[in-house]
Amino acid sequence: MVRLEYIKKQYTRTRRVHGNWYLASYQYKFNVKRINQCLEHLRKGELVGLKCRSCNTVSFPPRLICPKCLKMPDEWVHLRDTATVATFSGTYAQEAGDTEPRPYPVVAIRQDGSDTTWLANLPEGYDFFKVYVGMPLKVKWAEDKKGDFSDIEYYEPIEDPSIEMNKKEEAEK
Amino acid sequence: MGVQPAIVSAGFSEHASKRSDVNMAELMNEAIEDALNKCNCTIDDIDCVINGNMPAFEGANIPELWMTDHIGAKNKPFMRVTTGGTTGGSVAIAAYYAVASGLYDTVLATSFEQQSCGSTTVGLSSVALGEVSIYLQLGYDFEKLRRNMGAGAAIGIGAYQAINYMRRSHCTEEDLARVVVQNRHNAAKNWWTHLKMPNITIEQILETPYISYPLRFGMVTPASDGSCAMIYTTEENAKKFTDTPVYVNGVASVSNENAIVAPEASGCGQIDPCEQLSATISAKLAYEQAGISFPEKEIDYVEVYSPFPNQEFMWLERLGLFEENTAPMQYREGVTALDGDLPVNCSGGVNSTNAIGASAMERVAEAALQIMGKAGNQSPKEIHTAIGHGWGGTINLITLSVLADQPRRKYKGGI
Ligand SMILES: [Zn+2]
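Draft legend 1. A look at the layout of surface pockets. As a volume, the second largest pocket reaches approximately 800 Å³. In the lining of the second largest pocket, the residues fall into 11 nonpolar, 11 polar and five charged.

Next comes the structure, spelled out in structure tokens:
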């Protein structure tokens, strides 16, 4: 590995004492009122978002409070099963079977019809270098649904006509 | 209008990856001593002390119990502020408010971080654990989540911003490396910084492996031990303490969170991570207080909080200093260099030194020292107005301080 050299100063050592924190038993609370309704729909193979009547912001997964105007959203809207990549990055990791670290795509996805993003998954082993912002995706449902987020097995990349159109535009320039 | 606050001094400790010779309290003390040495003010003149850091990183909660004596806070009003990455910026703003309100005359603002004590990973996990455990409850596969979270910590947010910024501006990895080279060269000329790399080149940086695409190992911020202290006082006192007071003419702290992680976390539903509305809003608020109408012309020096090089472009544009998507070009032309028209991060920036709790305050402190003409790596340009910016908190809190060598002329609006 390439090492970058920098000017280092040596400091004398003071005495060190070892200590541990065991961070194992906290009780986090969360309100399942909205999320459970959403998960029930996932079991049926439907996608629903929660819409704020005051500013029309749609959140998916549903949020209890509208982040824009602080009202309680209470209108359910159906969402399409397509989505776009809002942003992405890649973590370099060496999983079982890899000979050297390779990038795994991590994508934040915006479901079409909603105004929020969430971390979802692409197909296992999808090539990181093929991912781009604005990439269209389609939900791949799991075989047997359990009524939780694992019902969306992954997001399948679909054909993107805009690539051809952009190429044409470039060529015309 | 409240009292006009002024900065009379700012001090640092030496920063390194492992300050093995001191403990937290002693580390904090070094910066305070440096700050007191730079002005005619003694610890007896201090009326109130404000302290901040990110406690989980050292594994010592309420660290001020340990260090009260070391920071001269005994028998004095004391306040503690912590807001994650912006802790330092918030401490600076708290000190500003303490003076502006008229309650205290002279306030000592202190912030530190000794990351070598403990585990940064644990510190960051304790921030996100509450939200992440909800995800696991809802059927999210643990292995996938672990991988996603690997890119979800600060570096991940930096990478998201970089991806979207590069898409907008068509800047290249070479442009990113150029920012790093400028910062590390500047750091080499500054006495207190961590990564002093006087001979580094763009090519060397582009040879290092990726950590999180498009950010390479050579581009990212280090984890440092270090501390920073500043002395805020009133306009009248300032002239007693120093010949070169710096006036704080506007501050702003704006949060506009972009929740990428949790299903029901707060967030404004910002889709594009490089949009950074909070930076634009905080700039508007702070410039208005300071009476700045044309930031690109009136501001002479900038310290931005940029652990990752792409952020430097982004902040300079969002804070109104460059036109949108033109920052990479300005770097290519040397506008932001030490002797350029708008020197940026002459201290080396967060990219070269990152003692998290202190980082955002070091931006304000450096901006003040550049106006005083006492900075470690002083720009040859005459500097009248400067800004110190901070980013962090829960992903997207922005702190901004506008400093000048003259008190503000006219003032409208609240403090
Ligand atoms: Zn709303």
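Draft legend 2. Quick peek at the interface of chain A and chain B. In this assembly, 51 residues from chain A lie in contact with 61 residues from chain B. Taken together, the two surfaces of chain A and chain B that pack against each other cover about 5100 Å², and 61% of this comes from carbon and sulfur. Considering only the surface of chain A that becomes buried against chain B, Leu-4, Tyr-11 and Leu-119 of chain A emerge as the three largest contributors, covering 15% of it. There are one salt bridge connecting chain A and chain B.

Draft legend 3. The sheet that holds strand β3 (residues 78-80) of chain B, seen in detail. Residue and element names in this part refer to chain B. Pairing in this open sheet of nine strands is mixed, and the strands run β3-β2-β4-β7-β1-β8-β11-β10-β9 from one edge to the other. Looking along the sheet, the strands with just one partner apiece sit at the ends: β3 and β9 (301-303). Across the sheet, the axes of successive neighbouring strands diverge by a mean angle of 25°, strand direction being ignored. The pairing of strand β8 (residues 246-255) with strand β11 (residues 397-404) spans eight bridges and is classified as antiparallel.

Draft legend 4. Expanded view of the coordination of the zinc ion. All names here are of chain A. Distances from the zinc ion to its protein donors, Cys-52 (SG), Cys-55 (SG), Cys-66 (SG) and Cys-69 (SG), fall within 2.1 to 2.3 Å. Viewed at the metal, the four donor atoms of the zinc ion are separated by angles of 104 to 114°, and the geometry they form is tetrahedral. Binding-site remark: the zinc ion is held by donors from one chain whose sequence spacing is C-x2-C-x10-C-x2-C. Taken together, the residues span a long stretch of sequence, with Cys-52 in the loop between β1 (48-51) and β2 (58-59) and Cys-69 in the loop between β2 and β3 (75-78) at a distance of 17 residues.

Draft legend 5. Inspection of the pairing of strand β4 (residues 82-93) of chain A at higher detail. β4 of chain A sits mainly inside the fold: 11 of its 12 residues count as buried. Examined bridge by bridge, β4 of chain A and strand β7 (residues 136-141) of chain A share three bridges and lie antiparallel to one another. From the neighbouring strand, Ala-83 of chain A faces β7 of chain A, where its bridge partner is Leu-137 of chain A. In the sheet, β4 of chain A pairs with strand β5 (residues 102-111) of chain A via 10 bridges, with the strands oriented antiparallel. What sits directly across from Phe-88 of chain A, in β5 of chain A, is Val-107 of chain A. The sheet contact formed by β4 of chain A and strand β5 (residues 210-213) of chain B spans two bridges and is antiparallel. Following the sheet pairing, Thr-91 of chain A is matched in β5 of chain B by Ser-212 of chain B.

Draft legend 6. Molecular detail of the sheet that holds β3 of chain A. All names here are of chain A. Taking strand neighbours across the sheet as the criterion, the three strands line up as β2-β1-β3 in an open arrangement whose pairing is antiparallel. With partners counted over all chains shown, the strands left at the sheet margins are β2 and β3, one partner each. As judged from the two bridges shared by β1 and β2, these two strands associate in the antiparallel manner. Residue pairing in the sheet places Leu-50 in a bridge with Ser-59 of β2.

Draft legend 7. Local environment of helix α5 (residues 120-137) of chain B. All names here are of chain B. For α5, built from 18 residues, the straight-helix expectation of 26 Å at 1.5 Å per residue is met to within 8% by its first-to-last C-alpha distance of 25 Å. Leu-129 marks where α5 bends most, by close to 55°. Restricting attention to buried positions, one finds in α5 the residues Gly-123, Ala-128, Gly-130, Val-132, Ile-134 and Tyr-135. Phi turns positive, to about 90°, at Gly-139, one or two residues after α5.

Scoring rules and cut-offs
Residues numbered from 1 in each chain as written. Chains lettered and ligands numbered in written order. Predicted model: local features only at pLDDT ≥ 70, side-chain atom pairs only at ≥ 80, totals over all residues. Heavy atoms only, no water. 1 Å grid on protein atoms, 1.4 Å probe; cavity = no way out; pocket = protein on both sides within 12 Å on 5 of 7 lines; lining within 4 Å. Points joined across faces, edges and corners; volume = space filled by probe spheres on them. Nonpolar A, V, L, I, M, F, W, Y, C, P; charged D, E, K, R; others polar. Contact = heavy atoms within 4.5 Å. Buried area = accessible area lost by both parts, 1.4 Å probe. Salt bridge = Lys/Arg side-chain N within 4 Å of Asp/Glu carboxyl O. Pairing = 2+ DSSP bridges. Helix = DSSP H or I, 4+ residues; strand = E, 2+ residues; numbered from the N terminus. Axes fitted to C-alpha atoms, helices over the stretch in contact; angles between N-to-C directions. Donors = N, O, S within 2.8 Å, 3.2 Å for Na, K, Ca; no water. Tetrahedral: all angles 85-135°; square planar, octahedral: opposite > 155°, others 65-115°. Buried < 20%, exposed > 50% of the residue type's maximum accessible area, 1.4 Å probe, protein only. Expected span 1.5 Å × (residues − 1). Bend = angle between axes of the 7 residues up to and from the residue.

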